[in-house]
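Architecture at a glance
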Amino acid sequence: MFVLVEMVDTVRIPPWSFHRQLNDAIAEELNKKLANKVVYNVGLCVCLYDVTKLEDSYIFPGDGASHTKVHFRYVVFHPFLDEILVGKIKGCSAEGVHVSLGFFDDIIIPPESLQQPAKFDEAEQVWMWEYETDEGAHDLYMDQGEEIRFRVVDEVFIDTSPTGPSAEKEGPSTAPTAPPAGAEDSAQQKEAPYTLIGSVSEPGLGLLSWWNS
């Protein structure tokens, strides 16, 4: 679930931190920059593990801060494919079951990866497994807050770094027009930079209560 990733970065230490030990100041700056951030194709950064090498520090003209190239290892949340995890159901929608690990919420189990046959209750906004027994079918609900065991089957990274203005050809100036309805809302919706895709379509996977009873 967690891995150590070797990284290299140039850390800027402001003058008011010069009285501190260099390692402590660098550790604080690295955690400010990386902790709880997603690095593209790496994972969710958690905390600094250790500093392996410090190169020479430099002070550049016009900037009183020191700049140090640092080699370090960082603890990163990046489950491997087919790893089994246990989380809690955050909610359900037509897109599937949304799961949270407490510190990471961007996990979804799509409908085709649920125990089959599965059905979505529009009124209750909950997925259920229509479990077949000798006495007939029983609806096993996947309620919010329930613990769920799932397998990681895929991961999706999206580069959400800022981009420049759209490359549209400049034409003659025209009177400004009002944006279409809902344009502002769609612009405010941010895509998750890192999403895990899960599956519970195997024996032993799904709500823990299903297999404990």
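Heads up: the structure comes first, above all this text.
All figures in this text were calculated on a predicted structure; none of them were measured in a lab.

Conventions we followed
- Every chain is numbered independently, its residues counted from 1 as its sequence is written.
- The model is predicted, so local features are restricted to residues of pLDDT at least 70 and side-chain atom pairs to those at 80 or more, both for listing and for counting; the totals for chains, interfaces and linings are taken over all residues.
- As a rule here, side-chain values cover all heavy atoms of the structure and leave hydrogens and water aside.
- The secondary structure listing takes helices from DSSP runs of H or I that are at least 4 residues long and strands from runs of E that are at least 2 residues long, numbered from the N terminus.
- Relative accessibility decides the category of a residue: with a 1.4 Å probe and only protein chains considered, values under 20% of the type maximum give buried, values over 50% give exposed, and everything between is partly exposed.
- Contacts: residue pairs with any heavy atoms within 4.5 Å of one another.
- Note on areas: Shrake-Rupley, 1.4 Å probe, and residue coverage restricted to the protein chains presented here.
- Any Lys or Arg side-chain nitrogen located within 4 Å of an Asp or Glu carboxyl oxygen qualifies as a salt bridge.
- Between N or O atoms, a polar contact is any pair within 3.5 Å; within protein, one atom must be a potential hydrogen donor and the other a potential acceptor, and residues adjacent in sequence are included only when both atoms are from side chains.

**Some words on the overall build of the chain**
The secondary structure content of the chain amounts to three helices and 13 strands. For the chain, the proportion of its 213 residues judged to be buried stands at 33%. When contacts within the chain are restricted to residue pairs at least 6 apart in sequence, those whose partners lie at least 24 apart make up 67%. Of the roughly 13,600 Å² of accessible surface on the chain, 51% is carried by carbon and sulfur atoms.

**Things to note about the environment of Lys-88**
Within the secondary structure, Lys-88 sits in strand β5 (residues 84–93). Judged by relative accessible area, which is 47%, Lys-88 ranks as partly exposed. As for Lys-88 and Ile-148, which are separated by 60 residues in sequence, their C-alpha atoms are 5.7 Å apart. Setting aside its immediate chain neighbours within four residues, Lys-88 contacts His-98, Val-99, Ser-100, Gly-145, Glu-146, Glu-147 and Ile-148.

**With respect to the pattern of salt bridges**
For the coordinates displayed, the defined rule picks out eight salt bridges. With a shortest N-O distance of 2.6 Å, Lys-33 and Asp-9 are connected by a salt bridge. Of this pair, Lys-33 sits in helix α1 (residues 22–34) while Asp-9 sits in strand β1 (residues 2–13); the two residues are 24 residues apart in sequence, bridging distant segments of the chain. Classification of Lys-33 as partly exposed rests on a relative accessible area of 48%. Its salt-bridge partner being Asp-63, residue Arg-12 comes within 3.0 Å of it at the nearest N-O pair. Highlighted residues: Arg-12 in strand β1 and Asp-63 in the loop between β3 (43–59) and β4 (66–77), separated in sequence by 51 residues. On the basis of relative accessibility, which here comes to 41%, the residue Arg-12 falls in the partly exposed class. The exposure class of Asp-63 is partly exposed, given its relative accessible area of 21%. One salt-bridge network, in which partners are shared between bridges, spans Arg-20, Glu-28, Glu-29 and Lys-32.

**So, the side chain of Gln-115**
For Gln-115, the position within the fold is in the loop between β7 (107–109) and β8 (118–121). A polar atom in the side chain of Gln-115 sits 3.0 Å from the backbone oxygen of Val-200. Reaching out from Gln-115, the side chain makes a polar contact with the backbone oxygen of Glu-202 at a distance of 2.7 Å. Residues contacting Gln-115, with those up to four places away along its chain left out, are Trp-129, Val-200, Ser-201, Glu-202, Pro-203, Leu-205, Trp-210 and Trp-211.

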